[in-house]
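What follows is each chain in one-letter form.
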2 protein chains.
Amino acid sequence: MIDTVIAYMIKNKITVACAESCTAGQISARLGDVSGVSEIFSEGYVTYSNEAKEKNLGVSHDALENFGAVSEVVARQMAEGVCRVSGARLGLSATGIAGPTGGTEDKPVGLVYMGVCLDGVTTVVKKVFKGSRTEVRTQTVEAVFSEVKKRLQI
Amino acid sequence: MIDTVIAYMIKNKITVACAESCTAGQISARLGDVSGVSEIFSEGYVTYSNEAKEKNLGVSHDALENFGAVSEVVARQMAEGVCRVSGARLGLSATGIAGPTGGTEDKPVGLVYMGVCLDGVTTVVKKVFKGSRTEVRTQTVEAVFSEVKKRLQI
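Residues numbered from 1 in each chain as written. Chains lettered and ligands numbered in written order. Predicted model: local features only at pLDDT ≥ 70, side-chain atom pairs only at ≥ 80, totals over all residues. Heavy atoms only, no water.

J.: Sorry, what's going on with the packing of aromatic side chains here?
T.: Geometry of an aromatic ring pair is reported as the spacing of the ring centres plus the angle between the planes. Under the counting rule described, the total for this entry stands at three aromatic pairs over all chains. Geometrically, the ring pair formed by A:Tyr45 and B:Tyr45 is edge-to-face, given 5.8 Å between the ring centres and 70° between the ring planes. You can see A:Tyr45 sitting in strand β2 (residues 41-47) and its partner B:Tyr45 sitting in strand β2 (residues 41-47), one on each of two chains. Geometrically, the ring pair formed by A:Tyr48 and B:Phe41 is tilted, given 5.2 Å between the ring centres and 40° between the ring planes. (Phe/Tyr/Trp six-rings, centres within 6.5 Å; stacked < 30°, edge-to-face > 60°. Helix = DSSP H or I, 4+ residues; strand = E, 2+ residues; numbered from the N terminus.)

Laid out in structure tokens, this is it:
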């Protein structure tokens, strides 16, 4: 599925940029798996800390304070922010709790918000994935591209 | 080996940041595999295009023009640049030709330069890896952490 989505993006010259927290580069790396992706993929940001989210993506301090890094609002601001700083048509974001530690009652391990900003319109998908840290992150990458597929109506 | 290196970095609070071209996020993602790495890992940059290398890492236009993106000079400037913009003690970079296309006589597929800047002192490792696009990138990640191991005298 992912290769098909990326091939479609390359064919249709849909420029893309990534803003990653819990996946820490895996979405960008998945794009980089495909030869020829440099035509549409110029840059990505791994913003693990709140400071990096503010500095590099323009996520608002208020949103981080009031909703936390793992929130619908921050996922949205990350996806929109990376479009703004990169000029890409498509911005992909992921912020979540990959575990095994860091979970709370409100925000359990496996909770991930994924943002897809396409031509200025953003959707955010919320999931609570089961499994190990690796499994949570892998499922996040799959789910991001699944949302891209939907948004691009492929 | 890589897990041991990252565990040592966490234990010794050695802050790290990544600047990636051909690996496109895989070095950052490898750091993110380890729970607790957020203590030392705040941000990473995927700079696939020359423009992103200049804008986000301060790589000089002259270096890109004169030596090309896949060069010892650019790997060095990427590693030093990411230390500068992030404030991390350790900056890791990779720039290369993962293939299967893009190779030339002077710069064959598999040619990769990897930079490790530690407390302002940079070493650059040059390799010509054999194998597929995936294999070239995987070997690059291994080689970067191998150089980190050497530099940290683990």
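Having put the structure on the table, let's press on.
J.: Help me out: how do you make sense of the sheet that holds strand β4 (residues 111-118) of chain B in this one?
T.: Sheets are built from strands paired through backbone hydrogen bonds, the pairs being either parallel or antiparallel. Spatially, the 10 strands line up as an open sheet ordered β5(A)-β4(A)-β3(A)-β1(A)-β2(A)-β2(B)-β1(B)-β3(B)-β4(B)-β5(B), and their pairing is mixed. Each having just a single partner strand, β5 (121-128) of chain A together with β5 (121-128) of chain B make up the two edges of the open sheet. Taken over all neighbouring pairs, the strand axes of this sheet differ in orientation by 10° on average, direction set aside. Inspection of the sheet shows strand β4 (residues 111-118) of chain A paired to β5(A) by eight bridges, in the antiparallel sense. Across the sheet, residue A:Cys117 finds its bridge partner in β5(A), namely A:Thr122. Here helix α6 (residues 133-151) of chain A sits on the sheet and contacts β3 (90-96), β4 and β5 of chain A; the angle it forms with β4(A), its principal contact strand, is near 30°. (Pairing = 2+ DSSP bridges. Axes fitted to C-alpha atoms, helices over the stretch in contact; angles between N-to-C directions. Contact = heavy atoms within 4.5 Å.)

J.: Just checking my understanding: could you explain the interface of chain B and chain A for this structure?
T.: A common way to report how large an interface is uses the accessible area buried once the components associate. Contacts between chain B and chain A engage 31 residues on the former and 31 residues on the latter. Roughly 2,000 Å² is buried in total at the junction of chain B and chain A, and carbon and sulfur atoms are behind 45% of that figure. Run the count over chain B and chain A and you get four salt bridges. The residue A:Glu43 makes a salt bridge to B:Lys55 at a minimum N-O spacing of 2.8 Å. Inspection of the region where chain B meets chain A yields 26 residue pairs in polar contact (both at pLDDT 80 or more). Those elements that place two or more of their residues in the side of chain B that touches chain A are α2 (26-32), β2, α3 (50-57), α5 (72-86) and α6 (133-151) of chain B. The element contributing the most residues to the side of chain B that touches chain A is β2(B), with seven residues. (Buried area = accessible area lost by both parts, 1.4 Å probe. Salt bridge = Lys/Arg side-chain N within 4 Å of Asp/Glu carboxyl O. Polar contact = N/O pair within 3.5 Å; in protein donor to acceptor, adjacent residues only side chain to side chain.)

J.: Even after reading the chapter, I still don't get unusual backbone geometry, so can you show me in this structure?
T.: Most peptide bonds take the trans form, and the phi angle of most residues other than glycine is negative. All names here are of chain A. With an omega dihedral of 0°, the bond running from Gly99 to Pro100 counts as a cis peptide bond. Structurally, Pro100 is set in the loop between β3 and β4. Positive phi, close to 50°, is recorded for Ala24, a residue that is not glycine. In this fold, Ala24 is placed in the loop between β1 (16-20) and α2 (26-32). A residue is classified by how much of its surface remains accessible, and Ala24, at 0% relative accessible area, is buried. (Buried < 20%, exposed > 50% of the residue type's maximum accessible area, 1.4 Å probe, protein only.)

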